[in-house]
Amino acid sequence: MVKNYNEILHKNQTLESERLILRKFKEEDAADILEWGSDSEVLRHLVWPGVTTLEQARAGIYNYLLSQPGIYAIELKETGKCIGDIDLRIKPEHSKLSFGYVLNRSYWGKGYMTETLKTIIKFAFEQLQANRVAADHFGENLASGRVMEKAGMKREGITKQSIHVRGKMHDQVWYGLVREDYLKGEQHW
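Residues numbered from 1 in each chain as written. Predicted model: local features only at pLDDT ≥ 70, side-chain atom pairs only at ≥ 80, totals over all residues. Heavy atoms only, no water.

*Asks:* Summarise the side chain of Lys24; cite the residues concerned and give the values.
*Replies:* Topologically, Lys24 is positioned in the loop between strand E2 (20–23) and helix H2 (30–37). A polar atom in the side chain of Lys24 sits 3.0 Å from the backbone oxygen of Gln68. Among residues more than four places away in sequence, those in contact with Lys24 are Gln13, Leu65, Leu66, Gln68, Pro69, Ile71 and Ala73. (Helix = DSSP H or I, 4+ residues; strand = E, 2+ residues; numbered from the N terminus. Polar contact = N/O pair within 3.5 Å; in protein donor to acceptor, adjacent residues only side chain to side chain. Contact = heavy atoms within 4.5 Å.)

*Asks:* Explain the packing of aromatic side chains residue by residue, including any values.
*Replies:* Tallying each qualifying case throughout the model produces four aromatic pairs. Measuring from ring centre to ring centre gives 6.1 Å for Phe99 and Tyr101, while their planes differ by 35 degrees; the resulting arrangement is tilted. Taking the relative accessible area as the measure of exposure, Tyr101 reaches 16% and is therefore buried. (Phe/Tyr/Trp six-rings, centres within 6.5 Å; stacked < 30°, edge-to-face > 60°. Buried < 20%, exposed > 50% of the residue type's maximum accessible area, 1.4 Å probe, protein only.)

*Asks:* Tell me about the nonpolar core, residues and numbers included.
*Replies:* The biggest cluster of nonpolar side chains holds 38 residues, and the ones touching the most others in it are Tyr72, Leu88, Leu97, Phe99, Leu117, Ile120 and Met153. Top element by residues in this core is helix H5 (residues 112–126). It accounts for eight residues. When residues no more than four places from it in sequence are discounted, the contact partners of Met153 are Phe99, Ile121, Val133, Ala134, Ala135, Met148, Tyr175, Gly176 and Leu177. The next biggest cluster of nonpolar side chains, apart from the first, holds 15 residues, and it includes Phe25, Leu46, Leu65 and Cys82. (Core = buried A, V, L, I, M, F, W, Y, C linked by side-chain atoms within 4.5 Å.)

*Asks:* Report on the pairing of strand E5 (residues 96–103), specifying residues and quantitative values.
*Replies:* Most of E5 sits out of view: six of its eight residues are buried. As paired strands, strand E4 (residues 82–91) and E5 are joined by eight bridges and run antiparallel to one another. Along E5, the bridge assignment pairs Ile90 with Leu97. A loop of four residues connects E4 with E5, the two strands running antiparallel in sequence, and Ser95 in this loop sits at a positive phi of about 55 degrees. By the bridge criterion, three bridges tie E5 to strand E6 (residues 132–138) in an arrangement that is parallel. Paired with Ser98 across the two strands is Ala134, which belongs to E6. Handedness of the E5-H5-E6 crossover: right-handed. (Pairing = 2+ DSSP bridges. Right-handed = clockwise from strand over helix to strand, strands pointing away.)

The following block contains the structure:
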């Protein structure tokens with residue numbers, strides 16, 4: 001991965017796909033964050049504890065979401081609504097990028113997260129020059145695994161009972177894609 005990845009992230013604060021804009025968060029997103037950030041069905045698949053008030057959502061925007069260069073709000077082009085986010089975790093010393101994501105439950109099953117992942121994977125390999133992209137999901141969150149597969153990632157393995165969240169041990173299922181396979185077109189798009 002190139003050494004000036006922060007500069008590249010700064011130059012690419014907005015990424016676009018057919019139906020989505022990936023962009024920096026803004027204060028107006030607080031109500032949308034509260035909508036998905038307080039949904040117990042969404043949160044059961046995440047380490048993040050979520051938010052319960054508009055004030056917490058606003059504080060999260062200013063105290064965390066805007067301070068990290070690799071966090072993108074997922075906005076619907078059609079309506080301007082913020083329906084989730086994707087958080088890039090870059091390890092330049094290993095030439096890899098991993099990510100975590102969240103999506104408003106009202107938008108599950110419509111291809112938005114697959115579209116987001118394809119946009120991020122393309123950005124990772126073509127702009128950041130990463131060698132590897134990786135992510136994981138809780139074992140019971142099979143839909144997240146399907147999204148990663150649709151975005152071209154390959155299932156690599158399971159770490160049994162490796163994370164403790166909300167009083168329960170969860171398996172983690174790992175997915176990855178390497179630059180060589182991406183360039184050969186093996187991401188199945």
